[in-house]
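# Structural characterization, general
Each chain, letter by letter, is given below.
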Amino acid sequence: MDGPIPNRRAVLKSLALGASATVLARPVFAQAKAKVVVIGGGFAGATCARFLSRHGLNVALVERNRTYVSCPMSNAVVTGLRLMDGQKFGYDKVKADGVAVIHEHAARIDPQARQVRLDNGTILEYDRLVLAPGIDMRFDALPGYDAAVAENVPHAWKAGPQTTLLQRQLEAMEDGGVVVMSVPPVPYRCPPGPYERASLIAHYLKTRKPKSKLIVLDAKDSFSKQKLFQNAWKELYPDTLEWVGLSQGGQVTAFEREGKTFVTDFERYSAAVANVIPPQKAGAIAFAAQVTDRSGWCPIDPVTFESTLQPNIHVIGDSAMAGAMPKSAFSANAQAKVCAEAVAMLLEGGVPTSPKLINTCYSLVAPDYGISVAGVYAPAKGVLADIEGAGGVSPLDAPASVRATEARYAEAWFETVTAEVFG
């Protein structure tokens with residue numbers, strides 16, 4: 001879907017770095033230019049690094065993994081509609097843009113000295129730091145569910161081994177088995193994501209294991225694109241998918257590993273396959289940088305994405321408290337461009353202008369059935385707020401041809417954004 005493009009400078013300069021990202025004994029940065037370090041190589045961090053480099057800045061991208069595994073479209077992998085290889089992306093094109101890509105773990109940040117220390121002992125100095133660390137699970141939030149249990153009972157909310165684990169468990173389940181998944185309260189990564197997953201699991205069960213059933217236990221009574229999802233479930237999966245909201249006793253209060261049992265205030269649900277999506281928080285390096293507040297997320301200035309807690313540090317993507325703007329890959333990509341422009345302007349002594357940002361979230365209800373929601377956002381009273389009258393959702397009464405077109409749009413968006421971010 002078309003929409004406003006985040007505010008950008010009219011002319012982008014492209015200037016490659018002379019330093020090597022792979023030989024850390026050599027200088028990472030040339031001395032004459034402003035230095036920007038970006039931590040996190042996902043949709044937010046890789047985009048921001050590439051756009052910063054086009055301003056002729058010294059840019060280092062710190063990302064421990066040599067291959068990025070995408071969460072968008074991973075629900076299709078869980079249900080056998082897509083191969084995992086299609087989710088994997090490298091950083092060669094990011095390097096070709098002049099970014100020094102360093103595959104190390106950022107261990108510590110000193111905001112006062114403006115330094116990042118890597119696990120191998122390398123210290124990176126910066127004029128501006130951009131954090132794009134994504135999310136971590138709050139494994140202390142649900143009694144009985146922790147990192148060790150997740151090795152066998154997947155959350156699959158970070159793509160990779162967790163994705164394939166849930167996929168294998170669904171494949172191995174006997175027809176007639178019950179799948180139970182739990183959905184946390186907001187905020188969490190990708191608000192409509194659990195309901196897309198529920199839809200595609202229901203499609204898998206209906207077509208591959210028709211005696212089986214999915215129960216969704218939700219800590220909320222309302223959710224993104226609710227009417228669209230529920231209308232589709234009634235049409236496509238009336239005997240396969242059962243959604244239990246908060247007022248019906250859907251909030252999970254504990255998980256029992258033995259028997260894979262979800263405990264609520266009123267019922268106990270035992271599962272053949274259990275998918276626990278736990279509450280979440282900002283990625284660990286955000287805590288190390290002292291840019292998180294008591295909520296576990298990172299408050300930011302909505303014009304520049306600079307932390308309100310630490311100067312010269314910007315936070316983009318899922319870790320940021322972006323007001324009405326949801327935690328999505330589309331949002332992360334848009335925020336990265338705005339942040340890059342703001343950082344470049346600030347380093348030149350200028351004043352960034354107020355941006356407008358767009359987000360569109362596509363969801364698959366079935367392979368040929370897509371729905372979407374779009375929003376446009378601008379700074380207002382210190383937060384990113386919805387622009388009244390902008391955006392919208394898919395029509396409730398759309399014909400099958402429109403649903404099929406939106407499913408193709410979802411795939412097209414993914415191909416377009418991954419090409420922009422990773423080349």
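Quick summary incoming for the structure in this document.

The rules behind the values
Residues numbered from 1 in each chain as written. Predicted model: local features only at pLDDT ≥ 70, side-chain atom pairs only at ≥ 80, totals over all residues. Heavy atoms only, no water. Helix = DSSP H or I, 4+ residues; strand = E, 2+ residues; numbered from the N terminus. Rg over C-alpha atoms; globule rule 2.2 N^0.38 Å. Buried < 20%, exposed > 50% of the residue type's maximum accessible area, 1.4 Å probe, protein only. Contact = heavy atoms within 4.5 Å. Areas by Shrake-Rupley, 256 points an atom, 1.4 Å probe, with all protein chains shown as cover. Lys, Arg positive; Asp, Glu negative; His and termini not counted. Charge placed at Lys NZ, Arg CZ, Asp CG, Glu CD. Pairing = 2+ DSSP bridges. Phe/Tyr/Trp six-rings, centres within 6.5 Å; stacked < 30°, edge-to-face > 60°. Lys NZ or Arg CZ within 6 Å of the ring centre and 35° of its normal. Right-handed = clockwise from strand over helix to strand, strands pointing away. Axes fitted to C-alpha atoms, helices over the stretch in contact; angles between N-to-C directions.

On to the overall build of the protein. From N to C terminus, the protein includes ten helices and 25 strands. Here the C-alpha radius of gyration of the protein, 22 Å, is about what a compact globule of 423 residues would show, namely 22 Å. The C-alpha extent of the protein, read off along each of the three principal axes, is 65 × 45 × 40 Å. In the protein, buried positions account for 57% of the 423 residues. For the protein, contacts bridging at least 24 residues in sequence account for 65% of all contacts bridging at least 6. For the protein, the computed accessible surface area is about 17600 Å², with 51% contributed by carbon and sulfur atoms. Between the averaged position of the 43 positive side-chain charges in the protein and that of its 41 negative side-chain charges there is a distance of 4 Å.

Here is the key point about a regular strand: its side chains alternate between the two faces of the sheet. The side-chain alternation of strand β9 (residues 128–131) yields two buried faces, one formed by Arg-128 and Val-130 and the other by Leu-129 and Leu-131. Both strand β1 (residues 35–39) and β9 contribute to a ladder of four bridges, which runs parallel. Across the sheet, Val-37 pairs through a bridge with Leu-129, a residue of β9. Across three bridges, the pairing between β9 and strand β20 (residues 313–315) is parallel. Each residue of the ladder has a partner; that of Leu-129, found in β20, is Ile-313.

Attention now moves to the packing of aromatic side chains. Summed over the entire model, instances satisfying the criterion amount to 17 aromatic pairs. Their ring planes at 90° and their centres at 6.0 Å tell us that Tyr-145 and Phe-255 sit as a pair that is edge-to-face. On the criterion of sequence distance, the pair formed by Tyr-145 in the loop between β10 (135–137) and α4 (147–150) and Phe-255 in strand β14 (residues 252–256) is long-range, its members being 110 residues apart. Here Tyr-145 and Phe-255 have matching classes, each one buried. One aromatic cluster is present, built from ring pairs that chain together Phe-43, Tyr-68, Phe-89, Tyr-91, Phe-330, Trp-413, Phe-414 and Phe-422. Residue placement shows Arg-54 over the ring face of Phe-51; its charged tip is 4.8 Å from the ring centre.

Another aspect to go through is the pairing of strand β11 (residues 178–183). The element β11 is extensively covered by neighbouring structure, given that five of its six residues are classed as buried. The pairing of β11 with strand β12 (residues 213–218) spans six bridges and is parallel. Across the sheet, residue Val-180 finds its bridge partner in β12, namely Ile-215. You can see the chain leave β11, run along helix α6 (residues 193–208) and come back into β12, and the turn it takes is right-handed.

So, about the sheet that holds strand β7 (residues 115–118). If you walk across this open sheet you meet the three strands as β6-β7-β8, and the pairing is antiparallel. Edge positions in the sheet fall to β6 (106–110) and β8 (123–125), since each has one partner strand and no second. Averaged over all pairs of adjacent strands, the angle between their axes in this sheet comes to 20°, without regard to strand direction. Examined bridge by bridge, β7 and β8 share three bridges and lie antiparallel to one another. Across the sheet, Arg-117 pairs through a bridge with Ile-123, a residue of β8.

Most peptide bonds are trans, and most residues other than glycine sit at a negative phi. Cis geometry marks the peptide bond from Val-186 to Pro-187; its omega dihedral reads 5°. With respect to the secondary-structure elements, Pro-187 resides in the loop between β11 and α6. With phi around 65°, Gln-290 is a residue other than glycine that occupies positive phi space. Take Gln-290: it is sitting in the loop between α8 (284–288) and β19 (298–299). Since its relative accessible area comes to 42%, Gln-290 is described here as partly exposed. In this model, Asn-312 sits at a positive phi of 70°, which is unusual for a non-glycine residue. Residue placement: Asn-312 occurs in the loop between β19 and β20. Residue Asn-312 is classed as buried on the basis of its relative accessible area of 12%.

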